[in-house]
Amino acid sequence: MDNNIELKKSAAEAAVEEVKDGMIVGLGTGSTARFAIEKLANKIKEGKLKNIYGIPTSKRTEHLAIQLGIPVLSLNELFSQNQKLRTQNERLIDITIDGADEVDANLNLIKGGGGALLREKVIAQNTKSFLVVIDESKLSNKLGEKFFVPIEVLQFALESEKAFLESLNAKVRLRKDENGKPYVTDEGNFILDVEFGIIENPAKLNEILNERAGIVEHGIFLNKLVDKVYCSSNSGMKILYAS
Ligand code: 5RP
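This report concerns the structure included in the present document. Since this is a predicted model, take the numbers as computed values, not measurements.

### Things to note about the environment of Phe148
In this fold, Phe148 is placed in the loop between β6 (127–135) and β7 (149–153). As a C-alpha pair, Phe148 and Gly113 span 35 residues in sequence and 8.7 Å in three-dimensional space. Discounting chain neighbours no more than four positions away, the residues touching Phe148 are Ile110, Arg173, Arg175, Asp193, Val194 and Glu195.

### Side note on the pattern of salt bridges
One pass over the full model with this rule turns up 16 salt bridges. Note that Glu17 is salt-bridged to Lys43, the shortest N-O span being 3.3 Å. On the criterion of sequence distance, the pair formed by Glu17 in the loop between α1 (3–16) and β1 (24–27) and Lys43 in helix α2 (residues 31–45) is long-range, its members being 26 residues apart. Among the ionic pairs, Glu38 bridges to Arg34, the shortest N-O distance being 3.0 Å.

### Section: unusual backbone geometry
A positive phi angle, close to 65°, is found at Leu107, a residue other than glycine. Looking at where Leu107 falls in the secondary structure, it is placed in the loop between β4 (102–103) and β5 (109–110). One non-glycine residue with positive phi stands out, namely Asn169, at about 70°. Within the element layout of this structure, Asn169 appears in the loop between α7 (158–167) and β8 (171–174).

### Observations regarding the pairing of strand β12 (residues 228–233)
Within β12, six of the six residues are buried, leaving the element largely enclosed by the surrounding structure. The side-chain alternation of β12 yields two buried faces, one formed by Lys228, Tyr230 and Ser232 and the other by Val229, Cys231 and Ser233. Relative to β12, β6 runs parallel, the two sharing five bridges. Each residue of the ladder has a partner; that of Leu131, found in β12, is Lys228. Sheet analysis places β12 next to strand β13 (residues 236–241), joined by six bridges and oriented antiparallel. Paired with Ser232 across the two strands is Met237, which belongs to β13. Remark: two residues form the turn of the hairpin made by β12 and β13, two consecutive strands paired antiparallel.

### Structural notes on α7
Listed as buried for α7 are Leu158, Glu161, Phe164 and Leu165. Seen from one end, α7 has its buried residues packed into an arc of 130°, which puts them on one side. Structural note: α7 exposes Glu159 and Ser167 on the side pointing more than 90 degrees away from its buried face. Its buried side turned inward, α7 meets β7, β8, β9 (190–195), α8 (202–210) and β10 (215–218).

### Some details on the nonpolar core
Ranked by size, the top nonpolar core spans 23 residues in total, and within it Val19, Val25, Leu40, Ile52, Ile97 and Val133 carry the most contacts. At five residues, the largest contribution of residues to this core is made by α2. Setting aside residues no more than four positions away along its own chain, Leu40 makes contact with Val16, Val19, Val25, Leu27, Leu49, Ile52 and Ile70. Within the second largest apolar cluster, 20 residues are counted, among which are Val149, Phe190, Ile199 and Ile220.

### Section: the sheet that holds β5
Here we have three strands laid out as an open sheet, ordered β4-β5-β11, and antiparallel in their pairing. Strands with a single pairing partner mark the edges of an open sheet, and in this sheet they are β4 and β11 (220–221).

### Things to note about the site of the ligand
Taken together, 18 residues are adjacent to the ligand, and Ser31, Thr32, Asp101, Gly112 and Lys138 come closest. Between the ligand and the protein, one listed contact pairs an oxygen atom with a side-chain N or O atom of Lys8 at 3.0 Å. Within the backbone of Gly114, an N or O atom sits 3.3 Å from an oxygen atom of the ligand. Isolated, the ligand exposes 370 Å² of accessible area, and the fraction of that covered by the protein chains is 91%. If you list the elements that add at least two residues to the shell around the ligand, you get α2 and α6 (117–125). Taken together, the residues of the shell around the ligand break down into three nonpolar, nine polar and six charged.

### Things to note about the pairing of β9
Burial within β9 is extensive, with five of its six residues counted as buried. As judged from the five bridges shared by β7 and β9, these two strands associate in the antiparallel manner. Paired with Val149 across the two strands is Val194, which belongs to β9. The pairing of β8 with β9 spans four bridges and is antiparallel. By the bridge assignment for β9, Arg173 is matched with Asp193.

What counts, and where the lines are drawn
Residues numbered from 1 in each chain as written. Predicted model: local features only at pLDDT ≥ 70, side-chain atom pairs only at ≥ 80, totals over all residues. Heavy atoms only, no water. Helix = DSSP H or I, 4+ residues; strand = E, 2+ residues; numbered from the N terminus. Contact = heavy atoms within 4.5 Å. Salt bridge = Lys/Arg side-chain N within 4 Å of Asp/Glu carboxyl O. Buried < 20%, exposed > 50% of the residue type's maximum accessible area, 1.4 Å probe, protein only. Pairing = 2+ DSSP bridges. Arc of directions from axis to C-beta. Core = buried A, V, L, I, M, F, W, Y, C linked by side-chain atoms within 4.5 Å. Near = heavy atom within 4 Å. Polar contact = N/O pair within 3.5 Å; in protein donor to acceptor, adjacent residues only side chain to side chain. Areas by Shrake-Rupley, 256 points an atom, 1.4 Å probe, with all protein chains shown as cover. Nonpolar A, V, L, I, M, F, W, Y, C, P; charged D, E, K, R; others polar.

As structure tokens, then:
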């Protein structure tokens, strides 16, 4: 296994130690989250964890979880089964473990390299403890140093949102699938991969993007969504806490 893969695995597996019997667990998407899902499945199989339900963040993750024997619920099923708590607007997912493409010094994130940012953000917003698992190559001082921002747009609004983003001086690319066709998300939208350069103010950019009706969601996850980042490096594991 190459070094980065080893580091991803150890961050993911360390985060799984926070999962306890009876928890509802948000299952992330991507190569790092996959290690967490595999570890969780092993612990369930070995009887070390009981009464766990997973809430997948993508169709891909849902297939994987089912294949590995993790009982899954959709978010809608979870809310239907918790009539009492839902009226209190309580977050019904105990822990979510998910990867990230970039993490800045204030623990703001860029996500969506794997195309699942919309469901991932919905799950994060419904989670009591959102754990991000990365290897240290994902750390940066400011967002945009290492990764573009994936932006999910309505197919209907593709050209107008492209033009809007270009008017912000960004470089915009339509994401393609392995057949060279536009990549279509689980919710039937397109993704624009957008280079803004260094993002000095992620909160402001979040606000600007949120105002556009044609932008369904974007890959900037502000640190208020994040509880901890498990970051593994050759010199060991660090847990970073969002303040
Ligand atoms: C998927 C994501 C992933 O968490 C992100 O792309 C990191 O992926 P990986 O763990 O494979 O490096 O946001 O939409």
